[in-house]
Amino acid sequence: MIKSMRQPTLETLGLGTVLEIFQRGQMPVNTHDLVEQVFGNSESRGSLVISGVNGIVGAGKAMQLSSRLEQFGVGIVGLDFPGTPDGVGRQYQGLVRAFGKKRADKVMANIIQLTYDGVHLPSELNELQPRFLLEAIPEILDIKKAHYKLFRGIFPEIEIRSVTSGFPSSELGVGIAHPAFPHEINKVWEVVEPEPSPITQLFWALGLIPISVSDHWSFILDVLFCGITLAGLRYHNATNMPFWKIDKYIRKIIGPNPFRAHDVIGAKGANFLTWSCLHHLAEKYGELFRPTVDLVEHKESGQNWYPPNHFRPVVNWHLEGDEEEEFLSWIQGALFQMASLLLYEKRGHFSHINAIGELCAQFRRGILAVIREAGTDTAVRRVEAYHKLHPEAAKNTWYPSVFEEMENPEWQQLYVNAEHDGKVGVITIGRESYNSDVDSELNRAINWLKAEKILKVIVTGDFHLSTQMVGADTNEFFPALDNRDEGFRISSSWSKTARRLHNEFQVSVGYVNGKRCLGGFLELFMHCHYLISRDDAVLGMPEVTLPVVPGMEGCHWPFRKANREDWPKLLQLLLSGKSVAAGETVGWLVDYAAPMEEALQTVWKIVTEGDHGLQRRRIEEGVLKGIPLDVPLSDPDSPETEAARKAIMETVQNSCGVALPEALTIQARHSADFMTSDTCRRGVIGAEFSRVMTV
């Protein structure tokens, strides 16, 4: 029997738990088998039809799905009206940049484009055997229903999913697969269906991120994104602050630029979709969601929200004193109230609600993580302050009681979960960048496993929301640019968390299950007694390119585990910033790399004392002598890179030149010192800080 801190998100897809993946030594489903379930066997393989293929959603998803299904012999049929602009053709150059010309040509050749009059389907469809229709036509309910009737009349067995932004499945009569923008690259789909289907599981097996949500108006993404747009509009009405300036403040406190996003997507279509979502939400839930006059006007005109660049500085508004607090009440108050509705209606797994804001709406931290940090009393007060500014919103759709349950595991473990079978534990991380939320939750997961008397642990991604692990969340470093103590706190506390994986378990195994593991996450996994990886994963330490000094012991810990002759390879990794395939690092960085199933089985052998044949590498706790003073490197591409190499090299020498107990503090000080330097300010993090925080 498997016990979990909270439900694994993988279970919501009908795919079991992460621990079961390791127990079986294989993934829960097979891509080839799912292709046959959905599209038929190789002798009678059917096709995927995307209607409205020349629209921004249809064209983007044609690229994304063709690039994944072409190798299985599943053709993509793009259907649209005659004379519509060629949205598919516009995607070609993006494909070339992503895959190269040869692969791009194969993906495009797999797409057959047909036209129809909206009433009669083209006869060519019969030969193409449509098995699955992905509908991406305009958001008009009667037209959508007629479209489904047309297809079902000719292909009664066809599976249908709508990409609709707002209409629930109960209104449409079909399942929902609502994709996030940008449609060519964002892998998240909000899925509404009675139970997990082979289509949803196929999406997962193809490397996409389907997320199960409940059947309510506008789902989760559009409640949050349309909601933050509406909050900005209400603030504009109250203060007359320009939309572009409101965007700057929203970006500072939450992350996205909602008005700019509408312009980038295409104001005419995006304005209509936002209006449509909010209009239907208001009909169902009341004034919290009622579109403003400005939105109605922009929906009718298709006008951009931003003026030309040369007009923006004319009214360069700055918030002062109590004005910033009022701004927070307008924006956070509305979002917190909307979040209470999402929780009250049980629209999704807590981790899903939180992740959708980050992965789709560009929130720097998920809305539930923000509310959790504020605490129940502060969150409720923020909404009450919003109600004083917008009294109509107080009449309904406010459920403060949902915030009184923050001590529950669903609230406390938004990003990190733990499972065990009584002997072996698994810690899963469902966020692609490491931040203070992940750090706190990781500590709670370790504490829980220890309380459950689990001595052997696997640490890995969650096989769902995190398809890669890209390192530390650089937003965490903003306070450290001006405050050395803050930089030291982050580096030392995160390093102490990582050391727990080494110090507090009999056996710990880090397993890289995604396509890459970089920076802080690689440093975290290095602290496990064994590091196992898929052989096609990419590993790297890109800090020198930012530039920062690695802060989770990457400048000494791997040297203490590696043979002396491999130290130059570690220096190359640190000083070049270039990534390397996991299979090329066996023995000096990872302990074993193999194809997925073989790697999974090896991990399980290690934690169950099976015959894995690997020697556990010990940590050298004393002073390391003979660290090379230089390694062959290409010339630095900037003065910042040169300065970062020097700082990293100095950190390596100093932290390796002391015993292990002292090394953590030495490295944390170097990391903190460099973050306050002019060099760091001129780099990626400093530039991002100026862009986000300077308004």
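Residues numbered from 1 in each chain as written. Predicted model: local features only at pLDDT ≥ 70, side-chain atom pairs only at ≥ 80, totals over all residues. Heavy atoms only, no water.

Along its sequence, the protein chain is carved into domain 1 (46–212), domain 2 (220–410) and domain 3 (415–693). One C-alpha centre belongs to domain 1, the other to domain 2; they are set 30 Å apart. Listed as interface residues are 13 residues of domain 1 and, on the opposing side, 13 residues of domain 2. The contact between domain 1 and domain 2 buries some 1200 Å² in all, and 68% of this surface belongs to carbon and sulfur atoms. If you look at where domain 1 meets domain 2, you find zero salt bridges. Counting every contact that joins domain 1 to domain 2 gives four residue pairs in polar contact (both at pLDDT 80 or more). Of the residues assigned to the side of domain 1 that touches domain 2, the class counts are six nonpolar, five polar and two charged. (Domains from an automatic or database assignment. Contact = heavy atoms within 4.5 Å. Buried area = accessible area lost by both parts, 1.4 Å probe. Salt bridge = Lys/Arg side-chain N within 4 Å of Asp/Glu carboxyl O. Polar contact = N/O pair within 3.5 Å; in protein donor to acceptor, adjacent residues only side chain to side chain. Nonpolar A, V, L, I, M, F, W, Y, C, P; charged D, E, K, R; others polar.)

Quick look at the packing of helix H11 (residues 243–253) against helix H12 (residues 258–285) now. To describe two helices that pack against each other, one gives the angle between their axes and the distance between the axes. With their axes 7 Å apart at the nearest point, H11 and H12 run at an angle of 115 degrees to one another. Listed contacts from H12 to Phe243, Ile246, Asp247 and Ile250 of H11 are Pro258, Phe259 and Arg260. A per-class count over the contact of H11 with H12 returns five nonpolar, no polar and two charged. (Axes fitted to C-alpha atoms, helices over the stretch in contact; angles between N-to-C directions. Helix = DSSP H or I, 4+ residues; strand = E, 2+ residues; numbered from the N terminus.)

A few words now on the sheet that holds strand E4 (residues 111–115). What holds strands together in a sheet is hydrogen bonding between their backbones, with the strands either parallel or antiparallel. Ordered in space as E4-E3-E2-E5-E6-E7-E8-E9, the eight strands form an open sheet in which the pairing is mixed. Edge positions in the sheet fall to E4 and strand E9 (209–212), since each has one partner strand and no second. In this sheet, adjacent strand axes meet at a mean angle of 25 degrees when their direction is disregarded. Strands in contact with helix H2 (residues 31–39) are strand E2 (47–51) and strand E5 (130–135); relative to E5, the strand with the most contacts, it is inclined by about 90 degrees. Sitting on the sheet, helix H3 (residues 56–69) is in contact with E2, strand E3 (76–80), E4, E5, strand E7 (175–179) and strand E8 (188–192), with an inclination near 165 degrees to E2. (Pairing = 2+ DSSP bridges.)

Turning our eyes to something else, we now look at the packing of H11 against helix H28 (residues 684–693). Viewed as axis vectors pointing N to C, H11 and H28 meet at an angle of 125 degrees, and their least axial separation amounts to 8 Å. Judged on the interaxial angle alone, H28 and H11 are oblique. The segment H11 lies against H28, with Lys248, Arg251 and Lys252 engaging Arg691, Val692 and Met693. When the residues that make up the contact of H11 with H28 are grouped by side-chain class, the tally is two nonpolar, no polar and four charged. (Parallel < 35°, antiparallel > 145°, perpendicular 65-115°, else oblique.)

Applying the stated criterion to the full structure yields 32 salt bridges. A salt bridge links Arg290 to Glu287, with the shortest nitrogen-to-oxygen separation between them at 3.1 Å. Note that Lys569 is salt-bridged to Asp566, the shortest N-O span being 3.2 Å.

Turning to unusual backbone geometry, a few remarks are in order. The omega angle of the peptide bond from Phe181 to Pro182 is -5 degrees, so this bond is cis rather than trans. Residue position: Pro182 is located in the loop between E7 and E8. Note the cis peptide between Leu546 and Pro547, where omega equals -10 degrees. Of note, Pro547 is situated in the loop between strand E18 (538–540) and helix H22 (557–561). If you check the backbone angles, Ser218 has positive phi at about 70 degrees while not being a glycine. Residue position: Ser218 is located in the loop between E9 and helix H10 (221–239). Take Ser218: its relative accessible area is 0%, and that puts it in the buried class. (Buried < 20%, exposed > 50% of the residue type's maximum accessible area, 1.4 Å probe, protein only.)

Burial runs high along E5: five of the six residues are buried. The pairing of E2 with E5 spans five bridges and is parallel. Bridging from a neighbouring strand, Ser47 pairs with Pro130 of E5. Bridging between E5 and strand E6 (residues 159–162) involves four bridges; their strand directions are parallel. Paired with Leu134 across the two strands is Arg161, which belongs to E6. A crossover connection joins E5 to the parallel E6 through helix H7 (residues 141–154); in handedness this β-α-β unit is right-handed. (Right-handed = clockwise from strand over helix to strand, strands pointing away.)

On the secondary structure map, His120 appears in the loop between E4 and helix H6 (125–128). The spacing of His120 and Thr467 is 347 residues in sequence and 41 Å in space, taken between C-alpha atoms.

On to the sheet that holds E18, then. Taken in spatial order, the three strands of this open sheet run E16-E18-E19, and their pairing is mixed. With partners counted over all chains shown, the strands left at the sheet margins are strand E16 (516–518) and strand E19 (580–581), one partner each. Each of E16 and E18 touches helix H21 (residues 519–526); the most contacted strand, E16, lies at about 90 degrees to it.

Time to look at the side chain of Gln337. With respect to the helices and strands, Gln337 occurs in helix H14 (residues 322–344). For Gln337, a relative accessible area of 0% gives the class buried. Of the polar contacts made by the side chain of Gln337, one reaches the backbone oxygen of Asn396; its length is 3.3 Å. Each residue touching Gln337, except ones within four places of it in the same chain, is listed here: Leu288, Val383, Tyr386, His387, Ala393, Asn396, Thr397 and Trp398.

Right, let's talk about the packing of aromatic side chains for a bit. Considering all chains together, one arrives at 23 aromatic pairs under this definition. Seen from their ring centres, Trp189 and Phe203 are 4.7 Å apart, and the 55 degrees between their planes marks the pair as tilted. Of the two residues, Trp189 is situated in strand E8 and Phe203 in helix H9 (residues 198–205); the sequence distance between them amounts to 14 residues. With respect to class, Trp189 is no different from Phe203; both count as buried. One aromatic cluster is present, built from ring pairs that chain together Phe350, Trp398, Phe403 and Trp411. Sitting over the face of the ring of Trp275, Lys299 holds its NZ or CZ atom 4.1 Å from the ring centroid. (Phe/Tyr/Trp six-rings, centres within 6.5 Å; stacked < 30°, edge-to-face > 60°. Lys NZ or Arg CZ within 6 Å of the ring centre and 35° of its normal.)

Negative charge collects at one region of the surface, where Glu320, Asp322, Glu323 and Glu326 lie side by side. Secondary-structure assignment places Asp322 in helix H14. Its relative accessible area of 67% is what places Asp322 among the exposed residues. (Patch = residues over 30% accessible without salt bridge, like charges linked within 9 Å, V, L, I, M, F, W, Y side chains within 5 Å. Areas by Shrake-Rupley, 256 points an atom, 1.4 Å probe, with all protein chains shown as cover. Lys, Arg positive; Asp, Glu negative; His and termini not counted. Charge placed at Lys NZ, Arg CZ, Asp CG, Glu CD.)

A few words on H21. Summarising burial for H21: eight of the eight residues are buried, a large majority. Within H21, burial applies to Gly519, Gly520, Phe521, Leu522, Glu523, Leu524, Phe525 and Met526.

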